[in-house]
Structures are given as structure tokens and as C-alpha cells.
Amino acid sequence: MANPRFPTPGGTTLRAKGWRQEALLRLLENVLSVGEDPDNLIVYASLGRAARNWAAHDRIVETLKTMNEDQTLLIQSGKPVGLLKTHPQAPLVIMANCNIVGQWAKAEVFYDLQEKGLICWGGLTAGAWQYIGSQGVIQGTYEIFMRIAEKRFDGTLAGRFVLTAGLGGMGGSQPLAGRMAGAAILCVDVDPERAEKRKAIGYLDVVAPDLDAALDMVLAAKAEGRALSVGLVANAADVYPEIVRRGIVPDVVTDQTAAHDLVYGYVPNTRTLAEARAMRKTDPASLMAESRAAIAVHVSAMLDFQKAGAEVFDNGNLIRTHARDGGVANAFDIPIFTEAYLRPLFSRAIGPFRWMALSGDAEDIRKIDDKVLELFPDDRIVGNWIRLARDNVPFEGLPARIAWLGHGARTELALAVNAMVRDGTLMGPVAFSRDHLDAGAMAHPNIMTEKMKDGSDAIADWPLIDAMTLCSSMADLVVVHSGGGGYAGFMTSAGVTLVADGTDAADRRLDLSLTNDTSIGVIRYADAGYAEAADEAERKAVGWLGL
Ligand code: NAD
């Protein structure tokens, strides 16, 4: 569903003084073209913004168009604050978004600073212009489903019922990921527009008129072993307990509502969507209390499903944290997805790596798909994913692909793509980035770093080391984010963007930045005591000192 006010960029004509600047400009345009509420600069995760306000946005655009390669643009929480003389090997853009000093890093302080126009939250990939639509998280969701399938259901979710909620920017990936894993998946969202948006891009097969119809469709598909994604416009805090009451036990249960933010994200079942929106300004304190109470009901139902034998997990939205604060003492009986399923991958710095065809030509992504299959013929996860994705994942905005690649593989692919840009195989340059939820890049004690082996969950040194290393490795854009809204005080992460423009200089940037970025990931996990990481460090000589 293209938004004509925010067209997707493309073509080979430069508006900036070089492809590096043009690339970052296109990525900024792209996050708005695929974002959830671009009129308000909101990209995803309720309040994740591309820029602080429109004046800041316009100045960023103007600066990217006019700056030279030997300058660096400084951005503080979505506002451009300086343009410094550096050198052509320095990052073009350096950002710090939403970093609030420890004692003050609370949701209420964040809202106040936001109201005063002093700060904005960049989400993980919104403020850093790396968001590529719901497809950005889709392989992560798919891999979680497949790990569950391997652990519990003989390797497939065919004939299984997955219950989840949230069809927003990230949660919207769930219906497609579930269907790709073979499941009959029911996705609940209070907002009819979100459900329609996911239906329009083909992620949802159908939006059911009510719960009875939704359950009929899902249970029939489960019985036939048929993959199906069904949307339902309702409040999850009503629907989950009702399904418990009916004695139906889904096989897998999770949630990806914007539960992290009790004011701007979650909608309590005591309010309509319109009422909750109005209360955000008029009575945020009551809304917060009502959201917390509704989340307690919502999570209690998830615990009931768990007791009845369902595989239940937290999908990274702080829902257990708020439930515990709302009185559900055993909310953390539900595991976090990172610890439950993905840590062996992160130990080898395997995580969500992505690339965007800046020309807008989908053929460029298809050629890179072929290159991935050629370079990594023995990587079962990646090969399976690329084949599935090319058949099932529609492009949103700039054609893009995500694949969970690790140390060495990311660098190898990026250098191969840079060569394809150089020799004209591709129509235009390609940008690379990765999710902030990456091995060395994130401290988030209730999501990424929960229950680390050595207890180092809350230490935020790693993303800071990562960002500084990326600057010294000549990355094109480097950012440090901390949480805003409900995530205030919960996380710190580092992000990076690189531009493969076919030059020799790009070879050097890609090589150093991607290799060092994943080296830090391996070192972080090896230092925490993970055997897979120590093995990876030794086999690939990543430079871990092993103390
Ligand atoms: P979003 O704000 O774009 O969408 C949230 C959706 O939740 C909205 O469509 C909203 O209508 C719906 N919702 C809110 N309360 C509801 C309720 N009670 N019942 C049913 N629906 C309700 O957010 P998003 O970008 O989709 O992110 C969702 C959550 O996932 C956030 O907390 C985000 O931080 C988290 N997240 C996790 C990962 C991960 O790696 N697992 C990645 C990105 C985001």
C-alpha cells in the first residue's frame, strides 16, 4: 500500500554529491515510505521516529544533499546539530538517540522531554533509517517458529495452531512467518487499519469477522495441516482469556503488541482504541494503570496456556515486565525468545543482516539472492530462508532482503556485492545494515541479554564499544540508541549502515566494519562463557584475548 505523500526512492540519478550521501538520504525516505504513521515521522514501535520533527527532517535532507564526503553530520535524538569537517574515511553520519542518564531513564521523564521537543525515540531502526518494513523482522520470527518446530513438533508447524497478537510495524510479520512455517496462525489486533494493511500486502490471508469465525477457520486449517493466517480485530486481553475459557489450547502462544509502552503502545481492554488515543494526552497516568492491569490479564492467560502444555514465549515487548509490575508474580515463567531459542546463533554472531537495493530495482535483490546461495551452499538455515523468502516475501519500499548471516559470511557477501556494483551486474549501489538486536550490539536485560551465563545482562559497555569500533572502522553511519517510552532505562544498542557503491574505498569500509562488528559479537558471548562463541573465536581468529 504505497503512500503517495512518501514515495519510495529509486533510479540512478544522484541528488547528493556522492552515492554515500545519496544512499543515506534514500534510506531516510524509505523508512517513511514503509513506516506506520509517516505524517508524524513515526516508523514503528509506537513512537519510533525517523527525525525529531519536520524542521529537523528537512534540515537533515538538505544537509545530506549538500554535504561533502569529508564532512560528518551529527544527529542528537533526531535533530541535526552539527556538520563537522572530518575526512573521506570518516562516517558521514553519527547519531546518538534517546540516551538518558541512568537515574532519569524512566518512561515519564522521556514523555516530558519529548513533549518539550528535546528528545525522540529512534526505535531500533527508525531513527537510524534502517527499517525495511515488517520484512525486517520476518526471518527472526520465522526462525523462532522453526526452532520451536524442531524442539517440539518434528520440524514443522503444519497441523499446529499459533496464537499471537499485534499486527503493527514489527508484529505484522507474524502472520506471514507463521504461514511460511506451515502453521494455522491467529493474529489479534485492536486496530482495524493495521489488520487491513497486513491483508493488503498479503501477509494475512483473511480478517475474520469475529472470534467464533476466526477459531473455526484456524482449527479447520490445523486439522487439515494447512498453512493459514487469520486476523481478528479485537483486544488480546479479552481474546486470550476467552480462548482459555473455551478450553482450547493453542500449540504455540506469544504476543507482539506494543506492550512495552503503556501509554502510546498498548491499548487496555477497558478502552476503545479511540478512547485510549485521547487519554494519551488527557490522562496518561490512568491509561498507564489500565494498560498494566490489562496486561496482567493478558499474561495470566498466556501462563494458563503454558500450564496446559502450549509453547509460550515473550517476543521482546516487555509484556512480562509490566505483568509482573501489575501483580503477576510468576510472569517470568514465560521465557524470552532470545534465551530460549537463539543464543547459540548469537554466540556465533549470526543475526539479522539486511541489504537494500538503492536503485529500487527488485532484480538487484534477486541477483544477490543467487549470490547468497552460491556463496553459502552448505548453510541450511540461510539456503532455506532465501528460497522461501524469494517466493513468499513481497517487497515493501526499496527492494530488500534480510538473512541471518554471521561472522565472516556478512563480510564475504558484502564484498561480493560491492564487486557486482562495480562491474555493472547490479543496477545501482546497495546499502547494508543489521538489526540492533545483534550479538555485540545490544544490552537489553529483559530481551537480548536476559539470563546471560555470567550475569552480565545489564552491562551496556558492549554496544558502546561496538559503535566506537564501527566509527574507527570507517562505517558510513553509526548510531547509539537507548530506549524511549516504555523502553526508557531498559536498553542500549548500536547500529550501523554501510554503502556498497562499487569503489575500492567501500571494499575497505565493508571489510573492516562488518568483520569488526561480528568479531565484537563473538567476543561478547565468548567473554560471557558461551562455548560456541569460544569455538568460533578460535576457529575464525576473531581477536578475542580470552582472559
Ligand atoms: P506497533 O506500535 O507498530 O504495533 C503495535 C500493535 O499492537 C498495534 O497494531 C496495536 O493496535 C496493537 N495493540 C496494542 N494493544 C493491543 C491489545 N491490547 N490487543 C491487541 N492489539 C493491540 O509496534 P511494532 O513495531 O509492531 O512492535 C511491537 C512490539 O514488538 C514492540 O514492543 C516492539 O518493541 C517489539 N519488537 C520486538 C522485536 C523482536 O525482535 N522480537 C523486534 C521489533 C520490535
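Residues numbered from 1 in each chain as written. Predicted model: local features only at pLDDT ≥ 70, side-chain atom pairs only at ≥ 80, totals over all residues. Heavy atoms only, no water.

1. Section: the overall build of the protein
Of the regular secondary structure elements, the protein holds 18 helices and 17 strands. Against the compact-globule benchmark of 24 Å for 547 residues, the protein has a radius of gyration of 22 Å, which places it among compact chains. Counting only C-alpha atoms and orienting by the principal axes, one finds that the protein spans roughly 65 × 55 × 50 Å. The contacts in the protein between residues at least 6 apart in sequence include a share of 71% that link residues at least 24 apart. Split by element, the accessible area of the protein, about 19,100 Å² in all, is 53% carbon and sulfur. Of note, the protein has its 54 positive side-chain charges centred 2 Å away from the centre of its 68 negative side-chain charges. (Helix = DSSP H or I, 4+ residues; strand = E, 2+ residues; numbered from the N terminus. Rg over C-alpha atoms; globule rule 2.2 N^0.38 Å. Contact = heavy atoms within 4.5 Å. Areas by Shrake-Rupley, 256 points an atom, 1.4 Å probe, with all protein chains shown as cover. Lys, Arg positive; Asp, Glu negative; His and termini not counted. Charge placed at Lys NZ, Arg CZ, Asp CG, Glu CD.)

2. A short note on the pattern of salt bridges
Close approach of charged atoms allows side chains of opposite charge to pair. Tallied over the entire structure, the rule returns 48 salt bridges. Among the salt bridges present, the one from Glu36 reaches Arg194, with a minimum N-O distance of 2.8 Å. Taken together, the positions of Glu36 in the loop between helix H1 (19–33) and strand S1 (42–44) and Arg194 in helix H6 (residues 192–200) put the pair 158 residues apart, joining distant regions of the chain. In this structure Arg194 comes out as partly exposed when scored by relative accessible area, which is 26%. Lys222 is paired through a salt bridge with Asp251; the nearest N and O atoms lie 2.8 Å apart. (Salt bridge = Lys/Arg side-chain N within 4 Å of Asp/Glu carboxyl O. Buried < 20%, exposed > 50% of the residue type's maximum accessible area, 1.4 Å probe, protein only.)

3. Describing the packing of aromatic side chains
According to the stated counting rule, one finds 13 aromatic pairs in the structure shown. Residue placement shows Lys453 over the ring face of Tyr530; its charged tip is 5.1 Å from the ring centre. (Phe/Tyr/Trp six-rings, centres within 6.5 Å; stacked < 30°, edge-to-face > 60°. Lys NZ or Arg CZ within 6 Å of the ring centre and 35° of its normal.)

4. Regarding the sheet that holds strand S11 (residues 311–312)
A sheet is described by the order of its strands in space; here six strands give the open sequence S8-S9-S7-S6-S10-S11, paired in parallel fashion. The sheet is open, and its two borders are formed by strand S8 (206–208) and S11, each paired with just one other strand. As defined by bridge partners, strand S7 (residues 184–189) adjoins strand S9 (residues 228–233) across six bridges and the pair is classed as parallel. Its bridge partner lying in S9, Cys187 is registered against Gly231. (Pairing = 2+ DSSP bridges.)

5. Quick word on the site of the ligand
In the vicinity of the ligand, 30 residues are found, and the nearest of them are Met170, Asp189, His260, Asn315 and Tyr487. At 3.4 Å from an oxygen atom of the ligand is found a side-chain nitrogen or oxygen belonging to Gln256. A distance of 2.8 Å is found between a nitrogen atom of the ligand and a backbone nitrogen or oxygen belonging to Asn315. When grouped by side-chain class, the residues that make up the shell around the ligand number 13 nonpolar, 13 polar and four charged. (Near = heavy atom within 4 Å. Polar contact = N/O pair within 3.5 Å; in protein donor to acceptor, adjacent residues only side chain to side chain. Nonpolar A, V, L, I, M, F, W, Y, C, P; charged D, E, K, R; others polar.)

6. Quick notes on the pairing of strand S17 (residues 492–500)
Every regular strand shows the same layout, with side chains that alternate between the two sheet faces. Most of S17 sits out of view: nine of its nine residues are buried. Covered by surrounding structure in S17 are Thr492, Ala494, Val496, Leu498 and Ala500 together with Ser493, Gly495, Thr497 and Val499, the residues of both alternating faces. For strand S14 (residues 430–434) and S17, the ladder comprises four bridges, and the chain directions are antiparallel. Each residue of the ladder has a partner; that of Ser433, found in S17, is Thr497. Looking at chain direction, strand S15 (residues 442–443) and S17 are connected through two bridges and run antiparallel. If you follow Ala443 over to S17, its bridge partner there is Thr492. Pairing analysis gives six bridges linking strand S16 (residues 477–482) to S17, with the strands arranged antiparallel. Its bridge partner being in S17, His481 is matched across the sheet by Ser493.

7. Examining the packing of helix H9 (residues 273–282) against helix H10 (residues 284–307)
When two helices pack together, their arrangement is given by the angle between their axes and by how far apart the axes lie. The geometry of H9 relative to H10 is characterised by a closest axis approach of 6 Å and an angle of 130° between their N-to-C directions. Here H9 lies oblique to H10, going by the angle between them. Only Pro284, Ser286, Leu287 and Glu290 of H10 make contact with H9, whose side of the interface consists of Ala276, Met279, Arg280, Lys281 and Thr282. A per-class count over the contact of H9 with H10 returns four nonpolar, two polar and three charged. (Axes fitted to C-alpha atoms, helices over the stretch in contact; angles between N-to-C directions. Parallel < 35°, antiparallel > 145°, perpendicular 65-115°, else oblique.)

8. Thoughts on the side chain of His260
Tracing the backbone shows His260 in the loop between strand S10 (252–253) and H9. If we skip the residues at most four places from it in the chain, His260 touches Ala45, Ser46, Trp121, Asn317, Leu318, His322, Gly486 and Tyr487.

9. Comments concerning the packing of helix H13 (residues 362–375) against helix H15 (residues 409–422)
Across the interface, H13 lies against H15 with an axial gap of 11 Å and an inter-helix angle of 135°. The orientation of H13 relative to H15 falls into the category oblique. Between H13 and H15 the crossing geometry is right-handed. Of H15, the residues touching H13 (which contributes Lys367, Ile368, Lys371, Val372 and Leu375) are Glu412, Leu413, Ala416, Val417 and Met420. (Left-handed = near helix turned anticlockwise from the far one by under 90°.)

10. Regarding H6
All of the buried residues in H6 are Ala195, Lys197 and Arg198. Buried residues along H6 cover an arc of 160° about the axis, so they all sit on one side. Turned more than 90 degrees away from the buried face of H6 sit Glu193 and Ala200, all of them exposed. Contacts from the buried residues of H6 go to S8 and S9. (Arc of directions from axis to C-beta.)

11. Description of helix H17 (residues 504–527)
Compared with the 34 Å implied by 1.5 Å per residue over 24 residues, the 34 Å span of H17 between its first and last C-alpha is a close match. One or two residues past the end of H17 sits Gly529, with phi positive at roughly 100°. (Expected span 1.5 Å × (residues − 1).)

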